[in-house]
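Observations on chain architecture
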Amino acid sequence: MRRSSSTIPFGYKLDEEDNSQLIEIPSELEALEAVVPLIKERTISLREGSLYLEAMTGRYLSHAGLKKIAETRNFG
């Protein structure tokens, strides 16, 4: 995936050899795939989803950032 901004999206990391490319982090993307449908179904809150992702991946994602991902990406 080509880098399009200075922010590295959740589920990706910067390619150390080519700073214009991003590398997928499968464990983070799988965690997102598990959480986003629960948020859309209102089974859990955005804050709970954010805490779950941090516990599962060790990477922080704010509830506002999670909302943006849930609204723009199609999971499940």
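See the structure above.
Keep in mind it's a predicted model, so treat the numbers as computed, not measured.

Take the pattern of salt bridges next. Per the counting criterion, the structure on display carries one salt bridge. Arginine 59 serves as the salt-bridge partner of glutamate 28, at 3.0 Å between the closest nitrogen and oxygen. Of the two residues, glutamate 28 is situated in helix 1 (residues 26-40) and arginine 59 in the loop between helix 2 (46-57) and helix 3 (63-72); the sequence distance between them amounts to 31 residues. Assessed through its relative accessible area of 23%, arginine 59 is described here as partly exposed.

Moving on: the packing of helix 1 against helix 2. In a packed pair of helices, the relevant descriptors are the angle between the two axes and the axis-to-axis distance. Orientation of helix 1 relative to helix 2, taken along the N-to-C sense of each, is 160°, at an axis distance of 10 Å. As the angle between them shows, helix 1 and helix 2 are arranged roughly antiparallel. Helix 2 is crossed by helix 1, and the crossing has right-handed handedness. Contact residues: helix 1 offers Ser27, Glu28, Ala31, Leu32, Val35 and Ile39, while helix 2 offers Leu46, Gly49, Tyr52, Leu53 and Thr57. For the contact of helix 1 with helix 2, the class distribution of residues is seven nonpolar, three polar and one charged.

The next point concerns the environment of aspartate 18. Along the polypeptide, aspartate 18 turns up in the loop between strand 1 (12-14) and strand 2 (22-24). When its relative accessible area of 32% is taken as the criterion, aspartate 18 is described as partly exposed. Along the primary structure aspartate 18 and arginine 3 are separated by 15 residues, whereas in three dimensions their C-alpha atoms are 10.0 Å apart. In this structure the side chain of aspartate 18 is engaged in a polar contact, spanning 2.7 Å, whose partner is the side chain of serine 20.

It is worth spelling out helix 1 at this point. Here helix 1 spans 21 Å end to end across 15 residues, near enough to the 21 Å set by a 1.5 Å rise per residue. Looking at helix 1, one finds that the buried residues are Glu28, Leu29, Ala31, Leu32, Val35, Val36 and Ile39. Projected down its long axis, helix 1 shows its buried positions confined to an angular sector of 155°, all on one face. Against strand 1, strand 2, helix 2 and helix 3 lie the buried residues of helix 1. Just downstream of helix 1 lies arginine 42, where phi reads positive at about 60°.

Parameters at a glance
Residues numbered from 1 in each chain as written. Predicted model: local features only at pLDDT ≥ 70, side-chain atom pairs only at ≥ 80, totals over all residues. Heavy atoms only, no water. Salt bridge = Lys/Arg side-chain N within 4 Å of Asp/Glu carboxyl O. Helix = DSSP H or I, 4+ residues; strand = E, 2+ residues; numbered from the N terminus. Buried < 20%, exposed > 50% of the residue type's maximum accessible area, 1.4 Å probe, protein only. Axes fitted to C-alpha atoms, helices over the stretch in contact; angles between N-to-C directions. Parallel < 35°, antiparallel > 145°, perpendicular 65-115°, else oblique. Left-handed = near helix turned anticlockwise from the far one by under 90°. Contact = heavy atoms within 4.5 Å. Nonpolar A, V, L, I, M, F, W, Y, C, P; charged D, E, K, R; others polar. Polar contact = N/O pair within 3.5 Å; in protein donor to acceptor, adjacent residues only side chain to side chain. Expected span 1.5 Å × (residues − 1). Arc of directions from axis to C-beta.

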